[in-house]
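# Commentary on secondary and tertiary structure
Spelled out, the chains give:
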Amino acid sequence: MRFVKPPQYEEQNSVALTMEEERELLKLIADSKCDEVIKHSLIFLLYTGIRRSELASAIIEDGFVSVICAKTRKNYNEKRRLIPITPMLAKWMHVFKLEKMHTVRPDALTQAMKRLMPEHHLHELRHTFITRAQECGVPREVVSVWAGHAADNTQTSNVYTHFSREFLKREGEKVDYNI
């Protein structure tokens, strides 16, 4: 019988970028000879916290980015989640061509990140968004909703809490910092 090594998950090795690393990444993206759509896709992932596989399903609706959750379990209806367009994302919205970003292969994003910052993983952009939102004062339960995670392990949070779109937008306004 042959031993099969269990899969490695990026989450175990991932950390959020520091503010300095985030600044460096944006400069590297700007100076890169990468395709513009790849550049914009990396920035979109950084400021939405979506997973690379969710980019193809992203739509903009009423001040939110809506994506089909990549972690939808088998035999369950697909679930969309909403991430408000934060001030950090709003600064870039005029350059994004979402219909072109939908065609980007997830592995192309991983490779671009590896070329730009070899010591970091693409999934760290998700960690960075979640961390920055909390650093800006957004409650953990709200950030969990944006990330597609259970707010906590209580029935109250997971079954009975339903944040209004207006509340989520107001919380999104907090995600604004100097970079």
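Analysis parameters
- Residues numbered from 1 in each chain as written.
- Predicted model: local features only at pLDDT ≥ 70, side-chain atom pairs only at ≥ 80, totals over all residues.
- Heavy atoms only, no water.
- Axes fitted to C-alpha atoms, helices over the stretch in contact; angles between N-to-C directions.
- Helix = DSSP H or I, 4+ residues; strand = E, 2+ residues; numbered from the N terminus.
- Parallel < 35°, antiparallel > 145°, perpendicular 65-115°, else oblique.
- Left-handed = near helix turned anticlockwise from the far one by under 90°.
- Contact = heavy atoms within 4.5 Å.
- Nonpolar A, V, L, I, M, F, W, Y, C, P; charged D, E, K, R; others polar.
- Pairing = 2+ DSSP bridges.
- pLDDT = per-residue confidence, 0-100.
- Core = buried A, V, L, I, M, F, W, Y, C linked by side-chain atoms within 4.5 Å.
- Buried < 20%, exposed > 50% of the residue type's maximum accessible area, 1.4 Å probe, protein only.
- Expected span 1.5 Å × (residues − 1).
- Polar contact = N/O pair within 3.5 Å; in protein donor to acceptor, adjacent residues only side chain to side chain.

## As for the packing of helix H7 (residues 124–135) against helix H8 (residues 140–147)
Relative to each other, H7 and H8 sit at 150°, their axes nearing to 9 Å. Between H7 and H8, the angle is such that the two are roughly antiparallel. Judged by the sense of rotation from one axis to the other, the crossing of H7 with H8 is right-handed. Touching Arg126, Phe129, Ile130, Ala133 and Gln134 of H7 are Arg140, Val143, Trp146 and Ala147, all from H8. In terms of residue class, the contact of H7 with H8 is built from six nonpolar, one polar and two charged.

## What about the sheet that holds strand S3 (residues 80–84)?
Pairing is antiparallel in the open sheet, where three strands are placed in the order S1-S2-S3. Of all strands in the sheet, those with a lone pairing partner are strand S1 (59–61) and S3, marking the two edges. Pairwise comparison of adjacent strand axes, ignoring direction, gives a mean angle of 35° for this sheet. Pairing of S1 with strand S2 (residues 64–68) involves three bridges; the strand directions are antiparallel. Across the sheet, Ile59 pairs through a bridge with Ser66, a residue of S2.

## Section: unusual backbone geometry
Positive phi, normally seen in glycine, also occurs at Asp62, with a value near 50°. On the secondary structure map, Asp62 appears in the loop between S1 and S2.

## As for the confidence of the model for the protein
Interpretation of this model should avoid reading the predicted coordinates in detail wherever pLDDT is low. Mean pLDDT over the protein: 89, with 83% of residues reaching 70 or higher. Within the model, the stretch residues 6–11 combines pLDDT values under 50 with five contacts to residues more than four positions away or in other chains.

## Comments concerning the nonpolar core
By size, the foremost hydrophobic cluster in this structure holds 47 residues, and its most contacted members are Leu25, Leu42, Phe44, Tyr47, Leu109, Leu125 and Trp146. Looking at this core, the element that brings in the most residues is helix H3 (residues 36–48), giving eight residues. Those residues in contact with Leu25, other than ones at most four positions away along the chain, are Leu17, Met113, Leu116, Met117 and Leu125.

## A closer look at the packing of H3 against H7
Across the interface, H3 lies against H7 with an axial gap of 6 Å and an inter-helix angle of 40°. One way to sum up the angle between H3 and H7 is to call them oblique. Across the interface between the two elements, Leu42, Leu45, Leu46, Tyr47 and Thr48 of H3 pack against Leu125, Thr128 and Phe129 of H7. Its residues assigned to classes, the contact of H3 with H7 comprises six nonpolar, two polar and no charged.

## Here we look at H3
With 13 residues, H3 ought to run about 18 Å at 1.5 Å a step, and its terminal C-alpha atoms sit 18 Å apart, in line with that. With twelve of 13 residues buried, H3 is to be regarded as a mostly interior element. The set of residues buried in H3 consists of Val37, Ile38, Lys39, His40, Ser41, Leu42, Ile43, Phe44, Leu45, Leu46, Tyr47 and Thr48. Among the residues of H3, the N-terminal cap falls to Asp35, whose side-chain oxygen and the backbone nitrogen of Val37 are separated by 2.9 Å. Phi for Gly49, located one or two positions after H3, is positive at around 75°.

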